[in-house]
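Architecture at a glance
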Amino acid sequence: MTHTQNTCRIAAIDLFCGAGGLSHGLISESIVVRAGFDIDKTCKYAYEENNDAPYIIKDVSDVKGQDIQPLFRDNEVRVLAGCAPCQPFSKYTQGKDNKEDQKWGMLYEFSRLIGEVLPEIVTMENVPQVTRHNVYSDFKKHLENKGYNVWAEVVFCPDYGIPQKRYRLVLLASRIGEIKLIPPTHDVNTYKTVEETIGHLPNLKHGSKSSEDPLHISSKLSDLNFKRIKASRPNGSWLDWDKDLVAACHKKEGRQTYRSVYGRMGWDSPSPTVTTQFTGFGNGRFGHPEQDRALSLREGALLQTFPQDYRFVAPGDPVVVKHVAKMIGNAVPVDLGKVIGKSIKKHVEENCNGN
């Protein structure tokens, strides 16, 4: 398309959109999100309630370019965004490059849709490990062959004001010029801390929930894990405990490799990476810095930079901790979505005026 001053409206379609972290960030930067696609029915309420865009329950492998094209409007810069499921690329899983594998194949399906739609801009976010596999090099090569300028780097989220030590690969590609992510906005002296992010929330005992916020709810600890968390210190590990509290599997040779489980986070630095398991004390350094419990759902959402008024569950519906924790842990941090949105806006402003 030919770009002029009057055709610089930006609109996006969010594939693998989940509960809407990326979409919400883009919308915050005045990028219109036309729709989100995903197969997880539990995310539909959260996505539509907070983002004013339809949530289309459809497997991306069944989506065709002709399904996406009509969602865009004439004379707008089209963005196709996607965070394909990252489980196959995790350091915790083993996998072979296999185009037939359903989860590995999602990035190939994203690539196929890019070829069918040919949007002006593409963005993709994933775990850094994806770059080690053929699926990623194939994805990047396909973009270049279609005439895209491609930028991709591993981003350390605290460099952009996100209060967790999360590394993510961010890829931006454009058919209208060179594109890149905006420069970092923070450094080690200005990183946003756990205390700044969740320190204002009311105290909570394990196994209880706030009367004011149904998402400020903490999973109940077993008697043994309650003793363990009481013996834990911020930024410490189970190596600080008395031997009778240490799990049998950690007493074996090589046990020091697993220091990150059963830990408390510290107040004065960003949190560890928030995963779908953040409500469990034994699943990582997800112990509250002071209170004897694991993180609440609301605390995990805030560390993922969702606004405090972001609604994950319809009023009156029960809060299923497992479902909401999965929505939160799988999300693109909203503020990373904002950074991507700012970068796209800056790029379009520089290249969409006929220069």
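None of these values were measured; they are calculated from a predicted model. (Residues numbered from 1 in each chain as written. Predicted model: local features only at pLDDT ≥ 70, side-chain atom pairs only at ≥ 80, totals over all residues. Heavy atoms only, no water.)

Moving on, we get to the pairing of strand β7 (residues 167-174). A regular strand places its side chains so that they alternate between the two faces of the sheet. Counting buried positions over the eight residues of β7 gives seven, a clear majority of the element. Taken together, the six bridges between strand β5 (residues 121-126) and β7 define a ladder with antiparallel strand orientation. Within β7, the residue paired with T123 across the bridge is L172. (Buried < 20%, exposed > 50% of the residue type's maximum accessible area, 1.4 Å probe, protein only. Helix = DSSP H or I, 4+ residues; strand = E, 2+ residues; numbered from the N terminus. Pairing = 2+ DSSP bridges.)

Glancing now at the side chain of T193. Relative to the helices and strands, T193 resides in the loop between β7 and α6 (194-198). Setting aside chain neighbours within four positions, we find T193 in contact with P163, W267, D268, S269 and P270. (Contact = heavy atoms within 4.5 Å.)

Counting residues in each nonpolar core, the largest one holds 60 residues, and the members touching the most others are L181, I198, F278, L297, F312, I340 and I344. With six residues, the top contributor of residues to this core is helix α10 (residues 334-351). Discounting chain neighbours no more than four positions away, the residues touching I344 are I10, I31, V79, I121 and L172. Residues I13, V60, I114 and L143 belong to the second largest nonpolar core, which totals 29 residues. (Core = buried A, V, L, I, M, F, W, Y, C linked by side-chain atoms within 4.5 Å.)

Following the criterion strictly, the structure yields eight aromatic pairs and no others. Measuring from centroid to centroid gives 6.5 Å for F16 and F110, while their planes differ by 80°, and the two rings are edge-to-face. Placement of the pair is F16 in the loop between β1 (9-15) and α1 (21-28) and F110 in helix α4 (residues 102-117), with a sequence separation of 94 residues. Assessed through its relative accessible area of 0%, F110 is described here as buried. Pairing Y310 with F312 gives two aromatic rings, centres 5.1 Å apart and planes at 50°, and the pair type is tilted. We note that Y310, like F312, is buried. Three or more aromatic residues link up through ring pairs in this structure, and these residues are F16, F110 and F139. Over the ring of Y148 we find R175, and its NZ or CZ is 5.8 Å from the ring centre. (Phe/Tyr/Trp six-rings, centres within 6.5 Å; stacked < 30°, edge-to-face > 60°. Lys NZ or Arg CZ within 6 Å of the ring centre and 35° of its normal.)

So, about the side chain of E120. One can find E120 in the loop between α4 and β5. Of note is the side chain of E120, whose polar atom sits 2.9 Å from the backbone nitrogen of R78. (Polar contact = N/O pair within 3.5 Å; in protein donor to acceptor, adjacent residues only side chain to side chain.)

Since the α-helix packs 3.6 residues into each turn, any two residues three or four apart lie on the same face. Buried within helix α2 (residues 44-51) we find A46, Y47, N50 and N51. Along the long axis of α2, the arc covered by the buried residues comes to 100°, so they all point the same way. On its buried face, α2 is in contact with β1, α1, β2 (32-38), β3 (55-57) and α9 (321-330). (Arc of directions from axis to C-beta.)

This part takes up the pattern of salt bridges. Within this structure, the stated rule accounts for 18 salt bridges. Where E29 meets K345, a salt bridge forms, and the shortest distance between an N and an O atom there is 3.8 Å. Linking E29 in the loop between α1 and β2 with K345 in helix α10, this pair joins segments that are 316 residues apart in sequence. When its relative accessible area of 10% is taken as the criterion, E29 is described as buried. Its salt-bridge partner being R311, residue E49 comes within 3.8 Å of it at the nearest N-O pair. Pair noted here: E49 is in helix α2 and R311 is in the loop between α8 (297-303) and α9, with a separation of 262 residues, a long-range link. Using a relative accessible area of 39% as the deciding quantity, one classes E49 as partly exposed. Through salt bridges that share partners, R9, R34 and E76 make up one connected network. (Salt bridge = Lys/Arg side-chain N within 4 Å of Asp/Glu carboxyl O.)

What holds strands together in a sheet is hydrogen bonding between their backbones, with the strands either parallel or antiparallel. Spatial ordering of the open sheet is given by β3-β2-β1-β4-β5-β7-β6, a layout of seven strands whose pairing is mixed. Of all strands in the sheet, those bounded by a partner on one side alone are β3 and β6 (149-156). Here the average twist between neighbouring strands, direction ignored, is 15°. Where β2 and β3 come together, three bridges link them in parallel fashion. In the sheet register, D38 faces β3, and the bridge partner there is I57. Contacts from helix α5 (residues 134-145) reach β5, β6 and β7, with the element oriented near 20° to β7. (Axes fitted to C-alpha atoms, helices over the stretch in contact; angles between N-to-C directions.)

Now for the pairing of strand β4 (residues 76-82). Where burial is concerned, most of β4 is hidden: seven out of the seven residues are buried. Alignment of β1 against β4, held across seven bridges, turns out to be parallel. Across the sheet, residue I10 finds its bridge partner in β4, namely V77. In this structure, β4 lies alongside β5, joined through four bridges in parallel fashion.

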